[in-house]
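Spelled out from the first residue to the last, the chains are:
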Amino acid sequence: MDITSPTFKENARGALADTQLQKALGNVRVGFIDKRRKAIDALPEFDALRDRAREIKNHTLDHLDLYLEAYEKKVIASGGHVHWAETAEDARQAILKICRAVSARTVTKGKTMIAEEIGLNEFLIEQGIKPIETDLGEYIIQLRGEHPSHIIAPAVHVNKEQVEADFRRVHVHLPPDRDLSEPEALLNEARRVLRQAYLDADVGITGANFLVAETGTSIIVTNEGNGDLTQILPKVHIVIASLEKLVPTLEDATQILRVLARSATGQDMSVYTTLSTGPRRPGDVDGPREYHVVLLDNGRSSMLGTEFQEMLRCIRCGACMNHCPVYHAVGGHAYGWVYPGPMGAVLTPSLIGVDKAGHLPNASTFCGRCESVCPMRIPLPKMMRHWREREFERGLNPATQRYGLKFWAFLARRPALYRFATSLAVPALSVFGGRKGRIHALPLAGGWTKHREFPAPEGKTFMQQWRQGKTANRQVAR
Amino acid sequence: MSAREAILGRVRASLHAPSNSDPRREVVADRLEKAPKGIIPERGQRDAEARVELFSTIAKTLAATVETVAERDDVPNAVARYLRERNLAPSFRMGDDKRLAAMPWSEQKSFEVKRGPTDGGDEVGVSHAFGGVAETGTIVMISGPENPSTINFLPEHHIIVVDAGDIDGAFETAIGRVRAKFGKGNMPRTLNFISGPSRSGDIEQKIILGAHGPRALHLIVVGG
């Protein structure tokens, strides 16, 4: 997909002016937060499980090479195949080869963000293979020629009237006078249309929420059951997953599952949690005849051992974006690539470069809600700060900002000069504030005062007040 | 150099981990061998009677319907009643599960029992569960000719029979039983944890039942 992260500011401006989008984003602000809160309040062990989940992933990442080897061994022993892919292109080619070997014409897909990351749909279409998204949200945005705007609710930016219009435009074989005014009718129509697609597909592609080293198992989590129909009906099942999905054992997976759905949708568990190990067994009467895993690196191995390693604990629940005031305001597409919200602001620069994605870690108020709700306790604001530092080191931010920061650093390192400068600035700003104590316009800070007022200082600097307080205290003590 | 070697090499370089480090290998082997259980919530640790009750209570909140029968021979009656109450034809599909096969289906007049996997043409499927997980009202299904996976997903109505004695408190206990059945490090081809009927919230975050899987899930607990 095209990367529009470099124009984040323009994207955000467009999103704020988009009334359809703003209406749809209202559903994020109310729904997800309350549901998560209720689910967590009902499980007293939730925070202890978060700590446990963090430990499990930290341990796995510290031994990732060995767990990958153990996992591969078990996949092969259960009759499956593992394809290692260093880059997005390697992964696309591996998938194409498997599809070609069975002369695949149509491919059904369960929801996978990794397929978005490698631009799989566009690639398969170029190769003459038709990909069909089966998750309802993914199906809707595929019809619209869009990309997901949320990692677990891909069509959260779309309203039901828009879905109705899309279904009428595409499902032309159905009676034009049918009633599609209610979401139930839309769902039933998608169910009928996609049922045939499952049965006709030659290959089914799913992602993975976890890969289990102990048993060579891949795990997917869905509410619709689309991932299951995608993987049990076609001849071939391809799992596409990135390296950091590994966990050591089945118990490690269930520990993390306890925090995943609660953080994502506020369910105790998603409806279907499916553990798949290899292809059809002797005696089996259904299930895929081939089972392939495409293991994607695409920059992750280079994140290990750096200040961004902790991002590899992410289990893609979406809680960070559900609680993010910036995401609430602009939605997912403004972020300009696959991963939106706070997790995207940290991950995207790692995967496509800080030169392209430098705006994203700046699109944060550092309110800290993302970190406070992250089930894997990923310090997202701290990592955004690391990206800002790197952006500065590499000279990627605008000259005014750079000189401003340098000037600030010069002052901040010279306490006497700093105190002198602030002792001049504070009374000057008080004058700007007028009688109401609010500043409406300020030289060099037009970007701030254009949208809000700046509170004027109340006469004295912090250091001046501190000294006064100290003297006063001493007098009291005497 | 193969992609595999390149990736593993980069992972080791980033972690500053030599490939021949025995202490690291021992740590990993030990973890895989011992498979520590971790934290089991209190609600996953209740006694047998409380477990079955919790299982039923939570399953109902997930929009499943639950009934309890005294013994296996009562199941055909319960299935017949379910179909009648919903105006469904007296016909369903099931796999080769021996426990299901031993039930007195022939006592139900004009009952059509179809056997084997489904191709999507069956309105009702009947399965026997490997077990249940009380803490989340979850059913555990294992693939195979006894209970083909297609029956879990294609019919509109899925009726699952579960023995009360197979309902565990927590996921880790259920996994322990799967491990005991298939052997350490081995798994059935597909293991489904099922928590309620299929649903989607993808249109304006409104939850609607029956997205791609069954619209209705009916659980018959035997001996509860």
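Everything that follows concerns the structure shown earlier in this document.
Residues numbered from 1 in each chain as written. Chains lettered and ligands numbered in written order. Predicted model: local features only at pLDDT ≥ 70, side-chain atom pairs only at ≥ 80, totals over all residues.

Student: Let's hear about the overall build of chain A: which residues, and what values?
Tutor: In terms of regular secondary structure, chain A is built from 22 helices and 12 strands. Each of the three principal axes of chain A carries a C-alpha extent, and together these read 90 × 60 × 45 Å. Residue pairs at least 24 apart in sequence account for 74% of intrachain contacts in chain A once pairs closer than 6 positions are excluded. (Helix = DSSP H or I, 4+ residues; strand = E, 2+ residues; numbered from the N terminus. Contact = placed C-beta atoms within 7 Å.)

Student: Summarise the interface of chain A and chain B; cite the residues concerned and give the values.
Tutor: Every contact between the two is made by 76 residues of chain A and, on the other side, 62 residues of chain B. Broken down by element, the side of chain A that touches chain B gets its largest block of residues, 8 residues, from helix H10 (residues 183-200) of chain A. When its residues are assigned to classes, the side of chain A that touches chain B shows 31 nonpolar, 24 polar and 21 charged. As judged from the 5 bridges shared by strand S9 (residues 272-276) of chain A and strand S9 (residues 190-194) of chain B, these two strands associate in the antiparallel manner. By the bridge assignment for S9 of chain B, Ser276 of chain A is matched with Thr190 of chain B. (Nonpolar A, V, L, I, M, F, W, Y, C, P; charged D, E, K, R; others polar. Pairing = 2+ DSSP bridges.)

Student: Residue-level account of the packing of helix H4 (residues 64-77) of chain A against helix H1 (residues 3-15) of chain B, with values.
Tutor: Axis angle and axis distance: for two packed helices, these are the angle between their axes and the distance between the axes, and together they describe the pair. Running from N to C, H4 of chain A and H1 of chain B cross one another at 150°; their axes reach a closest spacing of 9 Å. By the angle between their directions, the pair H4 of chain A and H1 of chain B is classed as roughly antiparallel. Across the interface between the two elements, Leu64, Asp65 and Leu68 of chain A of H4 of chain A pack against Leu8, Val11 and Arg12 of chain B of H1 of chain B. Its residues assigned to classes, the contact of H4 of chain A with H1 of chain B comprises 4 nonpolar, no polar and 2 charged. (Axes fitted to C-alpha atoms, helices over the stretch in contact; angles between N-to-C directions. Parallel < 35°, antiparallel > 145°, perpendicular 65-115°, else oblique.)

Student: Quick one: what's the story with the sheet that holds strand S8 (residues 246-247) of chain A, residue by residue and with numbers?
Tutor: Read across the open sheet, the 8 strands follow the order S8(A)-S5(A)-S6(A)-S9(A)-S9(B)-S6(B)-S5(B)-S8(B); overall the sheet is mixed. Single-partner strands in this sheet number two, and they are S8 of chain A together with strand S8 (167-168) of chain B. Across 5 bridges, strand S6 (residues 217-222) of chain A lies against S9 of chain A in antiparallel orientation. Looking at the pairing, Ser218 of chain A lines up with Ser276 of chain A of S9 of chain A. Strands in contact with helix H7 (residues 171-182) of chain B are strand S5 (131-133), strand S6 (138-142), S8 and S9 of chain B; relative to S5 of chain B, the strand with the most contacts, it is inclined by about 155°.

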